[in-house]
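Residue-level listing of the chains:
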Amino acid sequence: MVIKMSRPLHRGVPAIRVTSSSNGLLDSQVKEQIEKEELDRNQSSHRFPFWSLFSDNSPLTKYDATDNGFASDPFIVGTPRSRHRLTILLLKSSLVVIVILALTGSFWWTLSISTSSRGHIFHSSRRLQEQLVSDLWDIGELSFGTSRMKEIEFCPGELENYIPCFNVSENLDSGFSDGNEYDRVCRQGSRQNCLVLPPMNYKIPLRWPTGRDIIWVANVKITGQEVFTSGSLTKRMMMLEEQQISFRSASLMFDGVEDYSHQIAEMIGLRNESNFIQAGIRTILDIGCGYGSFGAHLFSEQILTICIANYESSGSQVQLTLERGLPAMIGSFSSKQLPYPSLSFDLLHCARCGIDWDKNDGSFLIEVDRVLRPGGYFVWTSPLINVQSSLRNKEKQKRWNFVRDFAENLCWELMSQQDETVVWKKTSKKTCYNSRISGSGPSICSKVQDVEFPYYRPLQNCIGGMHSRRWVPIEERATWPSRSNLNPSELALYGLHLDELNEDTANYRIIVRNYWSLLSPLIFSDHPKRPGDEDPSPPYNMLRNVLDMNARYGGLNAALLEARKSVWVMNVVPTTGPKYLPLILDRGYFGVLHDWCEAFPTYPRTYDMVHAEGLLSLESSQHWRCTMLDIFTEIDRMLRPEGWIIIRDAALLIDSARVLTRRLKWEARVIEIESNNDERLLFCQKPFFKRQPS
């Protein structure tokens with residue numbers, strides 16, 4: 001007697017097919033067996049409720065066999081029943097996969113909802129993400145045994161004009177003297193872990209161009225009494241109106257600057273200062289600039305003048321120049337080279353700048369020669385140059401003769417001398433150095449000595465820049481504004497192609513337009529009027545100076561000028577990144593080399609806006625030589641109250657940076673970038689915290 005049993009299509013009593021010769025005993029045995037199997041199945045289904053998702057609840061038994069005695073394979077699709085069993089199994093497996101994917105998708109959706117959302121950080125999803133980053137940050141901080149997530153304290157009042165790396169008393173204790181005590185020395189622990197508050201009566205500067213001519217006395221470290229009692233003619237000519245210092249064009253000082261600029265142009269051989277551009281002069285380094293009036297006057301002629309001056313513990317000309325919205329930074333010829341590449345400027349200017357050019361064996365003049373382009377000009381105004389005065393004073397005559405002879409040995413051509421002003425022109429021909437009398441003047445630096453990117457290196461006693469491929473006379477360069485668009489042969493010096501520069505320019509053109517759209521009407525309104533302010537003159541600009549912390553090719557600078565924004569940009573090239581600073585300078589912009597793990601050489605409350613694209617990624621690739629918080633506290637020090645910060649970087653770094661903004665008391669939001677999901681914008685404003693009377 002043969003019994004055939006098939007696997008059931010559904011759970012329940014299995015289908016039984018019995019032959020016609022079966023008897024009652026067999027029927028009874030079969031019935032008992034079936035009931036037993038059914039009981040086992042029911043018990044299994046109660047013990048493992050999800051088993052039905054993976055199996056058909058019909059365990060294979062010795063009766064579950066084919067006619068030839070072999071167990072049937074459920075994956076053999078040769079018969080309709082086996083195909084049906086396979087279909088059921090696939091359906092069940094698919095259901096399991098769907099359930100797993102649904103649960104997993106729900107979990108990941110919960111984690112990523114904040115990254116996919118767009119808009120302000122105050123949305124619930126953004127707050128969830130911030131809380132997650134904050135919690136992770138706290139866990140990391142607690143692992144070091146301390147919680148540093150509390151807000152940073154404000155600095156004491158005596159640090160309101162503090163600049164790290166410039167500590168005269170420490171330098172004196174270290175043996176610095178003869179003016180070197182004012183040098184920049186970045187010691188360990190020179191940073192202050194606090195936020196610098198503005199002076200007691202600080203006021204937001206007036207809008208450009210009004211702010212160029214009128215500043216608030218309380219915003220700078222100078223008093224009205226100092227203005228009138230100072231021996232400086234420039235200071236005495238400033239008009240003090242209640243709480244303001246005025247540089248209005250009606251003053252005698254301004255008219256004097258105009259005549260002075262006209263005199264320099266004539267000495268160079270030009271009709272007037274409006275012909276500087278045609279003569280190849282675009283960038284000027286003004287040494288010891290007073291209060292920037294020379295550069296302020298030339299600004300209307302599209303001449304970019306940057307002021308550098310020594311650190312001053314009181315009454316700073318750099319601070320006052322910056323307060324006027326004019327380019328300036330602390331720089332010194334005392335003992336170290338300036339952080340500019342060789343062959344950087346078209347003209348260097350020194351009008352009673354306080355530098356003794358005849359000292360230190362002429363090394364100060366050698367540094368001037370290094371940063372001056374071939375064919376560039378050095379303009380020096382000093383009582384030492386006055387012929388009649390020098391004839392009556394043998395010491396003055398000796399000093400003047402040294403400078404004149406040393407300039408000749410540097411292959412400078414004496415173009416003109418009038419009253420107290422002299423103009424030299426640097427040679428455009430390298431052959432001049434070989435034609436000098438043997439042993440006269442400084443030698444030419446070797447390739448090892450001739451470093452194109454010095455970063456506060458000791459002054460050299462040899463002529464630098466001779467090995468640079470950028471030795472191009474200014475008269476052979478394109479004039480401004482064509483200079484900003486370098487040709488393929490010029491770009492080849494930096495290993496770049498024209499397409500790369502064009503793509504960078506196009507990208508920043510869009511970026512600047514988006515920034516303007518994003519921030520308007522907050523700071524870029526066509527009518528940026530504050531209550532009580534007069535309507536500003538065109539171009540109605542609330543933003544005057546921008547610090548670009550990772551300038552690359554100077555694309556932000558180029559886009560701002562192309563958009564006709566009345567701003568100037570301090571293009572900073574990090575020491576840890578690609579060295580494109582010569583490219584920026586050759587385009588007719590200003591820039592400087594800097595290590596962002598050190599303090600920038602400027603006074604507090606310098607810039608209206610700070611921009612950083614890719615800087616955090618750059619520093620993280622260097623294994624964070626300093627912390628992100630160190631960089632942000634330095635940004636806070638440099639930024640004016642109510643100033644703006646725009647940081648564009650990788651999403652994870654922006655999330656971490658967003659958490660730090662709470663410690664710095666910045667008002668912040670994260671902006672998604674539709675064109676790039678891997679990057680984000682961190683857009684912040686520094687609040688105006690007023691110092692309370694003690």
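Remember, predicted model here, so these are calculated numbers, not experimental data.

Asks: For this particular structure, what's the right way to read the pairing of strand E16 (residues 607–613)?
Replies: Burial within E16 is extensive, with seven of its seven residues counted as buried. Pairing of strand E13 (residues 545–548) with E16 involves three bridges; the strand directions are parallel. Across the sheet, Asp-548 pairs through a bridge with His-611, a residue of E16. Both E16 and strand E17 (residues 639–650) contribute to a ladder of six bridges, which runs parallel. Along E17, the bridge assignment pairs Val-610 with Ile-645.

Asks: Explain the packing of helix H16 (residues 498–519) against helix H17 (residues 555–562) here, please?
Replies: When two helices pack together, their arrangement is captured by the angle between the axes and the distance separating the axes. Two numbers describe how H16 lies on H17: the axes approach to 8 Å, and their chain directions differ by 65°. Judged by the twist between their axes, the crossing of H16 over H17 is right-handed. Where H16 abuts H17, its residues Asp-504, Thr-505, Tyr-508, Arg-509, Val-512 and Trp-516 lie against Gly-555, Leu-556, Ala-559, Leu-560 and Glu-562.

Asks: So what exactly am I meant to see when it comes to helix H13 (residues 394–409) here?
Replies: Spacing of three or four residues puts side chains on the same side of an α-helix, whose turn is 3.6 residues. For H13, with 16 residues, the first-to-last C-alpha span of 23 Å sits near the 22 Å given by 1.5 Å per residue. Of the positions making up H13, those classed as buried are Trp-400, Val-403, Phe-406 and Ala-407. Looking straight down H13, one finds that the buried residues subtend no more than 130° of arc, so they occupy a single side. In this structure, H13 carries Lys-394, Lys-398 and Glu-408 as exposed residues pointing more than 90 degrees from its buried face. Contact partners of the buried residues in H13: helix H11 (363–371), strand E10 (372–381), strand E11 (412–418) and strand E12 (421–426). The backbone nitrogen of Glu-395 lies 3.0 Å from a side-chain oxygen of the residue at the head of H13, namely Asn-393. Following H13 by one or two positions, Cys-411 adopts a phi angle in the positive range, close to 65°.

Here is what the cut-offs are and how they apply
- Residues numbered from 1 in each chain as written.
- Predicted model: local features only at pLDDT ≥ 70, side-chain atom pairs only at ≥ 80, totals over all residues.
- Heavy atoms only, no water.
- Buried < 20%, exposed > 50% of the residue type's maximum accessible area, 1.4 Å probe, protein only.
- Helix = DSSP H or I, 4+ residues; strand = E, 2+ residues; numbered from the N terminus.
- Pairing = 2+ DSSP bridges.
- Axes fitted to C-alpha atoms, helices over the stretch in contact; angles between N-to-C directions.
- Left-handed = near helix turned anticlockwise from the far one by under 90°.
- Contact = heavy atoms within 4.5 Å.
- Expected span 1.5 Å × (residues − 1).
- Arc of directions from axis to C-beta.
- Polar contact = N/O pair within 3.5 Å; in protein donor to acceptor, adjacent residues only side chain to side chain.

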